[in-house]
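Descriptive structure summary
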Amino acid sequence: MSGHRLLQGKVVIATHNQGKLREMRELMAPYGVDLVSAGELGLPEPEENGHMFSENAAIKAVASAQASGLPAIADDSGLCIDALDGAPGLFSANWAGPGKNFVPALARVQAELAKRGATTSDKRRGHFVSALVIAWPDGHQELFEGRVYGEIIHEPRGPSGFGYDPIFKPDGRAKTFGEMSSDEKHGVPDDGSEALSHRARAFQLLAAACLRLPQ
Ligand code: ITT
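All values reported here derive from a predicted model rather than from experimental measurement.

1. Some remarks on the pattern of salt bridges
- A full pass over the atoms with the stated rule returns 16 salt bridges.
- In this structure, R5 engages D138 in a salt bridge whose closest nitrogen and oxygen atoms are separated by 3.0 Å. One end of the pair, R5, is in the segment before β1 (10–13); the other, D138, is in the loop between β4 (125–135) and β5 (141–152), and 133 residues separate them in sequence.
- Owing to a relative accessible area of 55%, D138 belongs among the exposed residues under this scheme.

2. Focus on the site of the ligand
- Inspection of the region around the ligand gives 21 residues, with T15, H16, K60, D165 and K185 positioned closest.
- For the ligand, an oxygen atom lies 2.8 Å from a polar atom in the side chain of K20.
- D76 is positioned with one of its side-chain polar atoms (N or O) 3.1 Å from an oxygen atom of the ligand.
- When the free accessible area of the ligand is taken as 600 Å², the share hidden by the protein chains comes to 96%.
- Elements with a contribution of two residues or more to the shell around the ligand: β3 (72–81) and α5 (198–210).
- With 4 residues, the single largest contributor to the shell around the ligand is β3.
- Residues that form the shell around the ligand fall into these classes: 5 nonpolar, 8 polar and 8 charged.

3. As for the nonpolar core
- Counting residues in each nonpolar core, the largest one holds 24 residues, and the members touching the most others are L7, M28, I73, I134, F203, L206 and L211.
- At the level of elements, β1, α1 (18–28), β4 and α5 are the ones that each hand at least two residues to this core.
- Per-element tally for this core: the top contributor is α5, with 7 residues.
- The residues touching L211, leaving out its near neighbours within four places in the chain, are L6, L7, M28, Y31, V33, F203 and L206.
- One finds I81, L113, I152 and M180 within the second-largest nonpolar core, a separate group that totals 20 residues.

4. Structural notes on the packing of α1 against α5
- In contact at an axis separation of 11 Å, α1 and α5 are set at 35° when each is read in the N-to-C sense. The chirality of how α1 crosses α5 is right-handed. Mapping the contact onto sequence places K20, E23, M24, L27 and M28 in α1 and R199, A200 and F203 in α5.
- A class-by-class count of the residues in the contact of α1 with α5 yields 5 nonpolar, no polar and 3 charged.

5. Concerning the environment of C80
- Here C80 lies in strand β3.
- When its relative accessible area of 10% is taken as the criterion, C80 is described as buried.
- The spatial distance from the C-alpha of C80 to the C-alpha of L21 is 21 Å, given a sequence separation of 59 residues.
- Among residues more than four places away in sequence, those in contact with C80 are F53, G86, A87, G89, G126, H127 and V129.

6. Things to note about unusual backbone geometry
- Cis geometry is adopted by the peptide bond preceding P88, which originates at A87 and carries an omega value of -5°.
- Examined against the element boundaries, P88 turns out to sit in the loop between β3 and α3 (102–115).
- Despite not being glycine, D85 shows a phi value in the positive range, around 55°.
- Taking relative accessible area as the criterion, D85 reaches 72% and is therefore assigned exposed.
- Phi is positive for K100, which is not a glycine, with a value near 50°.
- Examined against the element boundaries, K100 turns out to sit in the loop between β3 and α3.
- Looking at K100, the relative accessible area reads 53%, which means it is exposed.

7. Re the pairing of β4
- Extensive coverage of β4 is indicated by the burial of 10 of its 11 residues.
- One ladder, built from 10 bridges, connects β3 with β4; its direction is antiparallel. Following the sheet pairing, G78 is matched in β4 by V129.
- Pairing geometry for β4 and β5, over 11 bridges, is antiparallel. Bridge pairing in β5 links R125 to E151.
- Taken together, β4 and the strand that follows it, β5, pair antiparallel across an intervening segment of 5 residues, in which G139 is found at a positive phi of about 100°.

Rules behind the numbers
- Residues numbered from 1 in each chain as written.
- Predicted model: local features only at pLDDT ≥ 70, side-chain atom pairs only at ≥ 80, totals over all residues.
- Heavy atoms only, no water.
- Salt bridge = Lys/Arg side-chain N within 4 Å of Asp/Glu carboxyl O.
- Helix = DSSP H or I, 4+ residues; strand = E, 2+ residues; numbered from the N terminus.
- Buried < 20%, exposed > 50% of the residue type's maximum accessible area, 1.4 Å probe, protein only.
- Near = heavy atom within 4 Å.
- Polar contact = N/O pair within 3.5 Å; in protein donor to acceptor, adjacent residues only side chain to side chain.
- Areas by Shrake-Rupley, 256 points an atom, 1.4 Å probe, with all protein chains shown as cover.
- Nonpolar A, V, L, I, M, F, W, Y, C, P; charged D, E, K, R; others polar.
- Core = buried A, V, L, I, M, F, W, Y, C linked by side-chain atoms within 4.5 Å.
- Contact = heavy atoms within 4.5 Å.
- Axes fitted to C-alpha atoms, helices over the stretch in contact; angles between N-to-C directions.
- Left-handed = near helix turned anticlockwise from the far one by under 90°.
- Pairing = 2+ DSSP bridges.

Next up, the structure:
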């Protein structure tokens, strides 16, 4: 016995971020679970006052599970930049302001890096983190985390994805996340090798523990 619990039936995706919702729906598609978003159920957005990604993911998953009576999956994620002492980190969404406008957020990243003289690639290291928590209404929880390391480039590139994707170039790739197709960014390889994005990496662990392909 692994101690993990299988995720079946109707499941809430506890996010109000359309970019994440799209990725989570694509990742979950093969597993035959019946997905509904927190927005579709009119569930409120709880205050994210944790000190770690995993804490905030648990706050969101538990709030949706309690309010809906269904198992709920939440993602808390962010971009951590070494030269900025890990910022924006937990505050990645806040940097875009209440209007969730990433044009000023991307400009702020560049301005903060310039202030610190971070002009060369070696000084522009960063990583994305995704903490995925599944919470059941009876209090059971599961946590899975994924990371991807790379470089913060100088000018945004690419129309795809969301948030900080246009300025993040993962190690070993020529394209930014913003220049990648959905499949390149968060596709899960059939051969069992590691996916690329932080969220897809966390999801691979979640799927192995809590999901089964339909027979
Ligand atoms: P929910 O809490 O409703 O899920 P949110 O956008 O507030 O939505 P977070 O608090 O987890 O979510 O903030 C994470 C922010 O980090 C998110 O708004 C993006 O700006 C950024 N981010 C996370 N994953 C990303 C990705 O794959 N690509 C680009 N930016 C990402």
